[in-house]
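# Remarks on the overall topology
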Amino acid sequence: MSQESTVPGEVVETAEIPEPGAVTIVVPTFNESANVRQLLRQITEAVPDRLPCEVVFVDDSTDDTPEVIQEAAQDCPFPVTVLHRQEPVGGLGGAVVEGLKAATSDWIVVMDGDCQHPPSLVPDLVATGERANAGLVVASRYIKGGSRAGLAGSYRVAVSRGATWLTKALFPRRLHGISDPMSGFFAIRRSAVTAEVLQPLGYKILLELAVRSRPRTVTEVPFVFQDRFAGESKSTAQEGLRFLRHLAGLRAASPVARMVGFGLIGLTGFVPNLLGLWALTAVGMHYIPAEILANQLGVAWNFVLIEHLLFRERRRHRRWWDRAGRFALLANADLVLRIPLIALFVHQFHLGVLSATALALVTTFVLRFAATEALVYLPRRGPEKPVRESRTARRAV
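Below: a short report on this structure.

Conventions used here
Residues numbered from 1 in each chain as written. Predicted model: local features only at pLDDT ≥ 70, side-chain atom pairs only at ≥ 80, totals over all residues. Heavy atoms only, no water. Helix = DSSP H or I, 4+ residues; strand = E, 2+ residues; numbered from the N terminus. Buried < 20%, exposed > 50% of the residue type's maximum accessible area, 1.4 Å probe, protein only. Contact = heavy atoms within 4.5 Å. Areas by Shrake-Rupley, 256 points an atom, 1.4 Å probe, with all protein chains shown as cover. Axes fitted to C-alpha atoms, helices over the stretch in contact; angles between N-to-C directions. Parallel < 35°, antiparallel > 145°, perpendicular 65-115°, else oblique. Left-handed = near helix turned anticlockwise from the far one by under 90°. Nonpolar A, V, L, I, M, F, W, Y, C, P; charged D, E, K, R; others polar. Core = buried A, V, L, I, M, F, W, Y, C linked by side-chain atoms within 4.5 Å. Patch = residues over 30% accessible without salt bridge, like charges linked within 9 Å, V, L, I, M, F, W, Y side chains within 5 Å. Salt bridge = Lys/Arg side-chain N within 4 Å of Asp/Glu carboxyl O.

### Digging into the overall build of the protein
- The helix and strand inventory of the protein stands at twelve helices and eight strands.
- Considering the protein as a whole, with its 397 residues, one finds that 47% of them fall into the buried category.
- In the protein, the proportion of contacts linking residues at least 24 apart, taken out of those at least 6 apart, comes to 80%.
- Of the roughly 19,900 Å² of accessible surface on the protein, a fraction of 61% belongs to carbon and sulfur atoms.

Right under this line is the structure:
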């Protein structure tokens, strides 16, 4: 879809860009009808005619944003495509992944549709990537020459800085050399990204890209975060919770991290277990059936946390009731297996009762973790049912 474009009027001077330097600008939008005309006008003014360009809007709007884009695109000297999703799977990050799949150019620039990311920086992002032979160029607010001036209010500034600190602390190796992992403005080579491995949740797609498929060479350019042209920010407390879930899912991507998380979640399960035991015995139930029932509360608690924090991306392989039943069976089998193991360690290996109990706990924990991965969350053998894709309508202008 990339074509030579002719831009009337004054051309913004940029560093010479070696060929090939075609760029697809991917813009995820949600109810941004008041901003898209201004954005396309800025792109037209900013991108020189020697840089072949196309713009792909991936739209999740419930207003007239797609129609406004089509009208505004009539005055653009480059191709404009609207991909309207009926089911916004993955939020803004999922929209970007759709755009990455639709892009046809050598470079893909991702930017927001609210004009807070200046299109005048697009040629510089591509030129910097070509000069450094980089796979990813991040527009950063936190290096010399950059600024977060467009963040409205001290609360949003504090949240942004806190999220940046948290992500860099959780992924020090993957985010090395990226000062602004929360940036939504970056350029990436199409050859450097495999969209199929991405599992976005929410709006921080750069973090997803850097952790799951980080290109070998990464560089940065400074940028000044602009004031929103029109409308209000889409950031909400719900998006914040999705971000934390996304972080947990990314951190649990390695087997060691999943095992640690599995153990920590198991420890938290003692709380509902003990509360349930206290409540049931308080109303007169015998402690043995009370313990059995209370244990199920702990199992349910653990299952919910493990589902959402450790194995979110693997839930599609089985139905929820199948996963829940298998998980409960394994959790209760852990109790049955532990007693014979303790007896074996005491009588055959002559361990003390406390040592035997501790060793049995560790053994059953490792076995339960391995069994949970293998029997609950790994794909079944044989042909797998296709995952339902979001319905996307493509409109080329």
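### What about unusual backbone geometry?
- You will see that Asn31, though not glycine, has its phi angle at about 55°, which is positive.
- Of note, Asn31 is situated in the loop between β1 (23–29) and α1 (36–46).
- For Asn31, a relative accessible area of 25% puts it in the partly exposed group.
- Notably, Cys115 is not glycine yet its phi reads approximately 70°, a positive angle.
- Overall, Cys115 belongs to the buried group, its relative accessible area being 6%.

### Some remarks on the packing of helix α10 (residues 287–309) against helix α11 (residues 320–347)
- Between α10 and α11, the shortest axis-to-axis distance is 10 Å and the interhelical angle comes to 130°. With respect to α11, the element α10 is oriented oblique. Between α10 and α11 the crossing geometry is right-handed. Across from Asn295, Gln296, Val299, Asn302, Phe303, Ile306 and Glu307 in α10, the residues of α11 making contact are Trp320, Arg323, Ala324, Phe327, Ala328, Ala331, Asn332 and Leu335.
- The class makeup of the residues in the contact of α10 with α11 is nine nonpolar, four polar and two charged.

### Quick look at helix α6 (residues 205–213)
- Among the nine residues that make up α6, eight are buried, leaving the element largely enclosed by the rest of the structure.
- What α6 keeps buried is the set Ile205, Leu206, Leu207, Glu208, Leu209, Ala210, Val211 and Ser213.

### Digging into the packing of helix α9 (residues 270–282) against α10
- The geometry of α9 relative to α10 is characterised by a closest axis approach of 8 Å and an angle of 145° between their N-to-C directions. In the packing of α9 onto α10, the handedness of the crossing is right-handed. Residues Pro272, Asn273, Gly276, Leu277, Leu280 and Thr281 of α9 form the contact with α10, whose own contacting residues are Tyr287, Ala290, Glu291, Leu293, Ala294, Asn295, Leu297, Gly298 and Trp301.
- Split by residue class, the contact of α9 with α10 holds nine nonpolar, five polar and one charged.

### Brief notes about the nonpolar core
- Val23, Ile25, Val55, Phe57, Val80, Val109 and Leu125 are the most contacted members of the largest nonpolar core, which has 36 residues in total.
- Of all the secondary-structure elements, those providing two or more residues to this core are β1, α1, β2 (53–59), α2 (65–73), β3 (80–85), β4 (107–110), α4 (122–132) and β5 (136–140).
- In this structure, Ala103, Leu198, Ile205 and Ala210 belong to the second largest nonpolar core, which totals 34 residues.

### Observations regarding a nonpolar patch on the surface
- On the surface, Val260, Leu264, Leu267, Phe270 and Leu274 cluster together into a nonpolar patch covering about 520 Å² of accessible area.
- Of all the secondary-structure elements, those providing two or more residues to the nonpolar patch are α8 (255–268) and α9.
- The greatest single-element share of the nonpolar patch, amounting to three residues, is contributed by α8.
- Under the relative-accessibility criterion, Leu267 is labelled exposed at 54%.

### What about the pattern of salt bridges?
- Overall, the coordinates contain eight salt bridges when judged by the stated rule.
- The shortest N-O distance in the salt bridge between Glu71 and Arg37 comes to 2.9 Å. Highlighted residues: Glu71 in helix α2 and Arg37 in helix α1, separated in sequence by 34 residues.
- One connected set of salt bridges, linked through shared partners, spans Arg318, Asp322 and Arg326.

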